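# Working through the structure, step by step
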Amino acid sequence: MIDLANPELLRTEAYIGGAWQGSEESYSVQNPASGETIAHVARHGSQSASLAVDAASAALPAWAALGAGDRAQFLRRWHDLIVANTEDLARLMTLEQGKPLAESRGEIAYAASFISWFAEEARRINGTVIPGNSASRRLTVIRQPVGVVAAITPWNFPAAMITRKVGPALAAGCTVVLKPSELTPLSAIALAVLADAAGIAAGVFNIVSGDAPAIGDVLTTDPRVRKFSFTGSTPVGKMLAAKCMGTVKRVSLELGGNAPFIVFDDADIDAAVSGAMASKFRNSGQTCVCANRILVQHGIYDRFAAALASEVAKLSAGDGLADETNQGPLINADAVRKVTAHRDDAVARGARIIARGQVTGPAGGHFARAALLVDVPEDALLAREETFGPLAGLIRFDEEADAIRIANATTAGLAAYVFTNDHDRGVRVSEGLAYGIVGLNTGAVSTEVAPFGGIKESGFGREGSQFGVDDYVSLKLIAAEIKAK
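As the structure is a prediction and not an experimental result, all values here were calculated from the model.

Quick notes on the rules
- Residues numbered from 1 in each chain as written.
- Predicted model: local features only at pLDDT ≥ 70, side-chain atom pairs only at ≥ 80, totals over all residues.
- Heavy atoms only, no water.
- Pairing = 2+ DSSP bridges.
- Helix = DSSP H or I, 4+ residues; strand = E, 2+ residues; numbered from the N terminus.
- Axes fitted to C-alpha atoms, helices over the stretch in contact; angles between N-to-C directions.
- Contact = heavy atoms within 4.5 Å.
- 1 Å grid on protein atoms, 1.4 Å probe; cavity = no way out; pocket = protein on both sides within 12 Å on 5 of 7 lines; lining within 4 Å.
- Points joined across faces, edges and corners; volume = space filled by probe spheres on them.
- Nonpolar A, V, L, I, M, F, W, Y, C, P; charged D, E, K, R; others polar.
- Buried < 20%, exposed > 50% of the residue type's maximum accessible area, 1.4 Å probe, protein only.
- Lys, Arg positive; Asp, Glu negative; His and termini not counted.
- Salt bridge = Lys/Arg side-chain N within 4 Å of Asp/Glu carboxyl O.
- Phe/Tyr/Trp six-rings, centres within 6.5 Å; stacked < 30°, edge-to-face > 60°.
- Lys NZ or Arg CZ within 6 Å of the ring centre and 35° of its normal.

### Observations regarding the sheet that holds strand 12 (residues 259-263)
Here seven strands make up an open sheet; going across it, the order is 15-17-18-13-12-19-20 and the pairing mixed. Each end of this open sheet is capped by a strand with a single partner; those strands are strand 15 (352-356) and strand 20 (437-440). If you compare each strand with its neighbour and ignore which way they point, the axes differ by 20° on average. In this sheet, strand 20 lies alongside strand 19 (residues 415-419) in parallel orientation, the contact comprising four bridges. If you follow tyrosine 417 over to strand 20, its bridge partner there is glycine 439. Helix 13 (residues 400-408) contacts strand 12, strand 13 (291-297) and strand 18 (391-397) of the sheet and is inclined by roughly 165° relative to strand 13. Running at roughly 165° to strand 20, helix 14 (residues 423-432) makes contact with strand 12, strand 13, strand 19 and strand 20 of the sheet.

Below, the structure is given as structure tokens:
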């Protein structure tokens, strides 16, 4: 039994049209730190997904017609309830996702920040007046809600990836049908409990979980869904986007990454090591913006490797609820196998392991020891594929042009990192990197006030910031001919 101060947060049904809907079938949710089942969640499919779209469609006119200030007030109440229930939400997240409790608390604060930000942005969804092309012409552009939004979110950030999509959608006057990951549905459902408590009207926010292909088919093909937002793997994102084109939905995709982390000879080594630890090992390396390839210029290669090795050796993977844990488990056995395969491939190609973390977690957990490798060749799997785990590999480079070439040699284009104390170099390299996000002398790039998103096969569209509303509104031109008096 999950012990919560607010037991109402633990629900296992779908939330459709303001009502909780059970199912004859269920699926189990496991704690990745132990393999134990922590809940059985109602397994829904296409019929429930269609009912959720019905509910969102029915609720759309009234929600869109609300004043922006009224929508902002509902979002503000939701934000306050999320903050008030931080400890329970964090505990739920750690139990189903695995990350250390301190990281879960941080994610709840991050998730709440999107609701707060977009509550404020609701009041600033402005239009514009364009000078007419003739004395009698008046040209006005207004921004209207795009309509019913379907969103599919991942397991690695089971709260923040929801609020980053639902916040702007609701602020703009859209209604939402959400399908969370089957690996971490409890966090999503708990957010729906709090949305309901905040007074958000029935049908405005709906959650359906279960048969992913069946639910996905409805969300991508139903013509009443006018906007589709997905965060997840590149292959799945491509497939879902193709289905959306059957009804020409607006689509935004936040897909996989292969982030380069570039350290030049003139960098502050301590700052670069701190940035690498934050970027690479946050959430046990299970982030789409985590450093996947660490490129180090030859002049400081050995010193940087030694400094980073000292920090990697301090990492301890275990139960996220244990005080001594600074790394949680990976999400499942497949994730562990991928990290192992990338490590073994790099070693077979000549790389060397110079530091290992510890594993203190219980048997049955999906743990991977953090590791640092040096002399990783450019053709290693670790350099070509997203590892999504606590495995860091160092690649040596000579000149600035080499770093840019190696960094850009990928179909991914989400995030990149550059460490240098040369201002001109920082500008040149940042502009030369084919990525949607560049962290210059920082390993932390995510905040509600800045746009998040990639280019190339990492997707399109932006989430967060004042630009985060753009994908949820349509521009309408009103061209009026005014007769002279």
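### A word on empty space enclosed by the protein
Empty space among the atoms becomes visible once a probe the size of a water molecule is rolled across them. Considering all chains together, one arrives at three cavities of 30 Å³ or more under this definition. Approximately 80 Å³ is the volume attributed to the largest cavity. Around the largest cavity sit Tyr110, Phe157, Met161, Arg164, Glu254, Arg282, Thr287, Cys288, Val289, Ser446 and Phe452, which together line it. Of the residues assigned to the lining of the largest cavity, the class counts are six nonpolar, two polar and three charged.

### Some thoughts on unusual backbone geometry
The backbone of phenylalanine 388 shows a phi angle near 60°, a positive value even though the residue is not glycine. On the secondary structure map, phenylalanine 388 appears in the loop between helix 12 (381-384) and strand 18. In this model, lysine 456 sits at a positive phi of 55°, which is unusual for a non-glycine residue.

### Quick look at the side chain of glutamate 386
In this fold, glutamate 386 is placed in the loop between helix 12 and strand 18. Here glutamate 386 is buried and forms no salt bridge, its nearest opposite-charge partner lysine 338 lying at an N-O distance of 5.8 Å. Aside from chain neighbours lying at most four places away, what touches glutamate 386 is Gly256, Gly257, Thr287, Cys288, Asn292, Lys338 and His342.

### Here's the deal with the packing of aromatic side chains
For the structure on display, the rule yields eight aromatic pairs. Between the aromatic rings of tryptophan 63 and phenylalanine 74, the centroid separation amounts to 5.8 Å while the plane-to-plane angle is 45°, which identifies the pairing as tilted. With tryptophan 63 in helix 1 (residues 46-65) and phenylalanine 74 in helix 2 (residues 68-84), the pair connects residues that are 11 residues apart, well separated along the chain. With 5.6 Å between their ring centres and 50° between their planes, tryptophan 78 and phenylalanine 205 make a pair best called tilted. Of this pair, tryptophan 78 sits in helix 2 while phenylalanine 205 sits in strand 9 (residues 205-207); the two residues are 127 residues apart in sequence, bridging distant segments of the chain. This pair shows no difference in class: tryptophan 78 is buried, exactly as phenylalanine 205 is. An aromatic cluster of at least three residues, connected via ring pairs, comprises Phe261, Tyr417 and Phe419. The positively charged end of lysine 227 is found above the aromatic ring belonging to tyrosine 472, 5.0 Å away from the centroid. Above the face of the tyrosine 435 ring, lysine 456 is positioned so that its terminal group lies 5.7 Å from the ring centre.

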